[in-house]
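Now for the letters of each chain:
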Amino acid sequence: MLTYDDYVTMGGDVARADFAPLEARAARRLDSATFGRLREERPLRACARMCLAELIDLYAEEAEASGRRVVEQQNGDLRVRYADAGAWDARRDGAVIRLWLEDEADGEGTPLLYCGQ
């Protein structure tokens with residue numbers, strides 16, 4: 001859905017070698033969130049391309065952090081608690097998708113994020 005060159009032009013900084021799996025994951029998530037409504041759209045609308053680029057950056061950040069985001073720490077007897085990476089990502093990538101696609105509709109006027117038929 002998004003080429004590496006387009007991604008870099010939009011300001012992305014993920015290495016070319018890391019791009020393909022991150023883009024595939026972002027594309028699958030976008031397809032799921034829009035119930036396939038963007039699957040056949042060519043060229044892909046600008047807001048969807050921006051959404052993909054931001055998701056790629058988000059997933060790259062997650063991969064770099066390896067799900068080790070600290071949510072609580074103590075000093076006495078040194079206690080550290082980490083966030084559940086899966087739950088954290090679900091909230092963050094959902095927010096990115098809503099930011100870019102909340103007011104968008106398909107060619108028939110159906111909102112892209114509408115979960116009905």
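Look a little higher up for the structure.
Below: a short report on this structure. Numbering of residues starts from 1 in every chain and runs along the sequence as written. Reporting in this predicted model follows two pLDDT cut-offs: at least 70 for local features of residues, and 80 or more for side-chain atom pairs to be given and counted; totals over whole chains, interfaces and linings ignore these cut-offs and use all residues. Heavy atoms throughout the structure, all of them, feed into the side-chain values; hydrogens and water do not.

Let's talk about the overall build of the chain
Every helix listed is a DSSP run of H or I at least four residues long, and every strand listed is a run of E at least two residues long, numbered separately from the N terminus. Helix and strand content of the chain: four helices and two strands. Of the regular secondary structure in the chain, the N- to C-terminal order runs α-α-α-β-β-α. Here the chain displays about 7,400 Å² of accessible surface, and carbon together with sulfur accounts for 48% of that area. Here, Shrake-Rupley sampling with a 1.4 Å probe gives the accessible areas, and only protein chains in the shown set may cover a residue.

Section: the environment of Glu54
Following the sequence through the fold, Glu54 ends up in helix H3 (residues 46-65). Residues count as neighbours in contact if any of their non-hydrogen atoms are within 4.5 Å of one another. With near-sequence residues (within four places) excluded, Glu54 lies in contact with Val96, Leu99 and Trp100.

Re the pattern of salt bridges
Salt bridges, as used here, are contacts in which a Lys or Arg side-chain nitrogen is within 4 Å of a carboxyl oxygen on Asp or Glu. What the rule picks out here adds up to eight salt bridges. The residue Arg39 makes a salt bridge to Asp31 at a minimum N-O spacing of 2.7 Å. Accessible area is worked out with a 1.4 Å probe on protein chains only. A residue is then buried under 20% of its type maximum, exposed over 50%, and partly exposed in between. Residue classification places Arg39 among the partly exposed residues on the basis of a relative accessible area of 46%. Between Glu104 and Arg45 there is a salt bridge, with the nearest N and O atoms lying 2.9 Å from each other. Placement of the pair is Glu104 in the segment after helix H4 (85-101) and Arg45 in the loop between helix H2 (16-33) and H3, with a sequence separation of 59 residues. A relative accessible area of 18% means that Arg45 is categorised as buried. Salt bridges here are not isolated pairs; linked through shared partners, they connect Glu41, Arg45 and Glu104.

What to know about the nonpolar core
Residue types Ala, Val, Leu, Ile, Met, Phe, Trp, Tyr and Cys, when buried and joined through side-chain atoms within 4.5 Å, form a set referred to as a nonpolar core. Judged by nonpolar contacts, the single largest core of 26 residues is most densely connected at Tyr7, Leu55, Ile56 and Leu101. If you list the elements that add at least two residues to this core, you get helix H1 (4-9), H2, H3 and H4. It is H3 that contributes the most residues to this core, ten residues altogether. If we ignore the near neighbours within four places in the chain, the residues touching Tyr7 are Leu2, Gly12, Asp13, Val14, Phe19, Ala53, Ile56 and Asp57.

Things to note about unusual backbone geometry
The amide bond that connects Arg42 to the next residue, Pro43, takes the cis arrangement and shows omega of -10 degrees. Position of Pro43 relative to the elements: it lies in the loop between H2 and H3. A positive phi angle, close to 55 degrees, is found at Phe35, a residue other than glycine. Considering the arrangement of structural elements, one finds Phe35 in the loop between H2 and H3.

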